[in-house]
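These are the residues of each chain, in order.
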Amino acid sequence: MNVGNTGTGTTGPSTIRTEHISLAVDDGPPMGAYLARPEGPGPHPGVVVGMELFGVDAPVRAVCDHLAALGHVALAPDFHHRTAPGCELPRDAAGRERGFALLERMTRTTVISDVRTAVDHLRATGSPHVGMVGLSLGGHIAYLAATALDLSAVAVFYGGWLPTTDISLSRPEPTLSLTPSLSGRVLFLVGEHDHVVPPAHRRAVAEALRGAGVSHEMVVYPGVGHGFLQTDPAAAADAWRRVCTAMSLQQH
């Protein structure tokens, strides 16, 4: 592991330490990642944070910092490390177009391998339980990873394309069809007006989880759209409360 920039700060109940690290993977170049952890003695539960299309940018790092302030070791891998390592795309139309192009170069095998590397690092450095929080694309990755890896809990923030084959990660069969293989509890958080996760998709996800007997909770926030964690303080506050409950269940 190579350590890059480090720092400390207080963003909530715990003082945290942050750093940029590099993790070796079996099937490609080293994977950069952002790590935030409480300064106090552990052990602390671990959380892999799944980035959005735009890379491990400031909003994703802020999610890690928030989780660390709440007592978790949060690690956000750079899932673009094979094709555009370290990229932080602008959150505009051009950045979205570039992000989708990079997304199509991901595969299920490589993404699951990357999450496994992150999980193994958290466990090796003292986290007895590891879950995952995923944002949009990262939400899809969290759902997918939980079908292949032993994750105690996953929180999916507005994860799209689960019932379709629209993206490479949901092919050859929709990721949703893998639901019976899910490990742990699933918390699915989505806005009522989310254009990426329309009502028909929400119903399909809920039916798949119920049909597979997966312990889960789906929360639909009225009047908000995609990305509400950054745009709607009330919905974000409620979502964080639920995430903390879901992740705390890892410890029991």
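What counts as what
Residues numbered from 1 in each chain as written. Predicted model: local features only at pLDDT ≥ 70, side-chain atom pairs only at ≥ 80, totals over all residues. Heavy atoms only, no water. Helix = DSSP H or I, 4+ residues; strand = E, 2+ residues; numbered from the N terminus. Buried < 20%, exposed > 50% of the residue type's maximum accessible area, 1.4 Å probe, protein only. Arc of directions from axis to C-beta. Contact = heavy atoms within 4.5 Å. Polar contact = N/O pair within 3.5 Å; in protein donor to acceptor, adjacent residues only side chain to side chain. Salt bridge = Lys/Arg side-chain N within 4 Å of Asp/Glu carboxyl O. Core = buried A, V, L, I, M, F, W, Y, C linked by side-chain atoms within 4.5 Å. pLDDT = per-residue confidence, 0-100. Expected span 1.5 Å × (residues − 1).

## Overview of unusual backbone geometry
Consideration 1: Cis geometry is adopted by the peptide bond preceding Pro43, which originates at Gly42 and carries an omega value of 5°.
Consideration 2: Along the chain, Pro43 falls in the loop between strand 3 (31-38) and strand 4 (46-50).
Consideration 3: For the bond running from Arg171 to Pro172, omega is 15°, close enough to zero to count as cis.
Consideration 4: Counting through the fold element by element, Pro172 comes out in the loop between strand 7 (153-157) and strand 8 (185-191).
Consideration 5: Phi is positive for Ser136, which is not a glycine, with a value near 55°.
Consideration 6: The exposure class of Ser136 is buried, given its relative accessible area of 9%.
Consideration 7: Even without glycine at this site, Tyr158 takes up a positive phi of about 40°.
Consideration 8: Looking at where Tyr158 falls in the secondary structure, it is placed in the loop between strand 7 and strand 8.
Consideration 9: Take Tyr158: its relative accessible area is 1%, and that puts it in the buried class.

## Let's talk about helix 2 (residues 93-103)
Consideration 1: Restricting attention to buried positions, one finds in helix 2 the residues Gly95, Gly99, Leu102 and Leu103. Across the axial projection of helix 2, the buried residues extend over an arc of 100°, all falling on one side. Structural note: helix 2 exposes Ala93, Ala94 and Glu97 on the side pointing more than 90 degrees away from its buried face.
Consideration 2: Elements that come into contact with the buried residues of helix 2 comprise helix 4 (137-146).
Consideration 3: Between the side-chain oxygen of the N-cap and the backbone nitrogen of Ala94 there are 3.2 Å, and the N-cap of helix 2 in question is Asp92.

## Digging into the pattern of salt bridges
Consideration 1: Considering all chains together, one arrives at twelve salt bridges under this definition.
Consideration 2: When the shortest N-O distance is used, the salt bridge between Arg37 and Glu19 registers 2.1 Å. Taken together, the residues Arg37 in strand 3 and Glu19 in strand 2 (residues 15-23) connect sequence positions 18 residues apart.
Consideration 3: Residue Asp238 is joined to Arg241 by a salt bridge in which the shortest nitrogen-to-oxygen separation is 2.8 Å. With Asp238 and Arg241 both in helix 7 (residues 233-248) and three residues apart, this pair spans about one turn of that helix.
Consideration 4: By relative accessible area, Arg241 is classed as partly exposed at 48%.
Consideration 5: Where salt bridges share partners, they join Arg185, Glu217, Asp238, Arg241 and Arg242 into one cluster.

## Let's talk about the environment of Gly138
Consideration 1: Inspection of the secondary structure assignment puts Gly138 in helix 4.
Consideration 2: Residue contacts for Gly138: discarding those within four places in its chain leaves Gly50, Met51 and Met132.

## Brief notes about the nonpolar core
Consideration 1: Formed by 81 residues in total, the largest nonpolar core has its most connected members in Met132, Phe157 and Val243.
Consideration 2: Filtering out sequence-adjacent residues up to four positions away, Phe157 remains in contact with Val133, Gly134, Leu135, Ser136, Gly139, Leu189, Phe228, Leu229, Ala239 and Val243.
Consideration 3: Core analysis: the second largest hydrophobic core is formed by five residues, Phe54, Ala84, Leu89 and Leu102 among them.

## A word on the confidence of the model for the protein
Detailed conclusions should not be drawn from predicted coordinates in areas where pLDDT is low.
Consideration 1: When pLDDT is averaged across the protein, the result is 93; 93% of the residues are at 70 or more.
Consideration 2: This model gives residues 1-6 a pLDDT under 50, and the stretch forms 15 contacts once residues within four places in sequence are excluded.
Consideration 3: Confidence over residues 8-12 falls short of pLDDT 50; this stretch has eleven contacts with residues more than four positions distant or in other chains.

## Some thoughts on the side chain of Ser127
Consideration 1: You can see Ser127 is positioned in the loop between helix 3 (108-124) and strand 6 (130-135).
Consideration 2: Here His44 takes part through its backbone oxygen, which lies 2.9 Å from a polar atom of the side chain of Ser127.
Consideration 3: Not counting residues up to four positions away in its chain, the partners in contact with Ser127 are His44, Pro45, Gly46, Val73 and Leu122.

## Details of helix 7
In an α-helix, one full turn covers 3.6 residues, which means residues spaced three or four apart are oriented alike.
Consideration 1: Taking 1.5 Å of rise per residue, 16 residues should cover 22 Å, and helix 7 covers 22 Å from first to last C-alpha, within 8% of that figure.
Consideration 2: Among the residues of helix 7, Ala235, Ala236, Ala239, Trp240, Val243, Ala246 and Met247 are the ones counted as buried. The arc that holds the buried residues of helix 7, viewed along the axis, is 135°, so those residues lie on one side.

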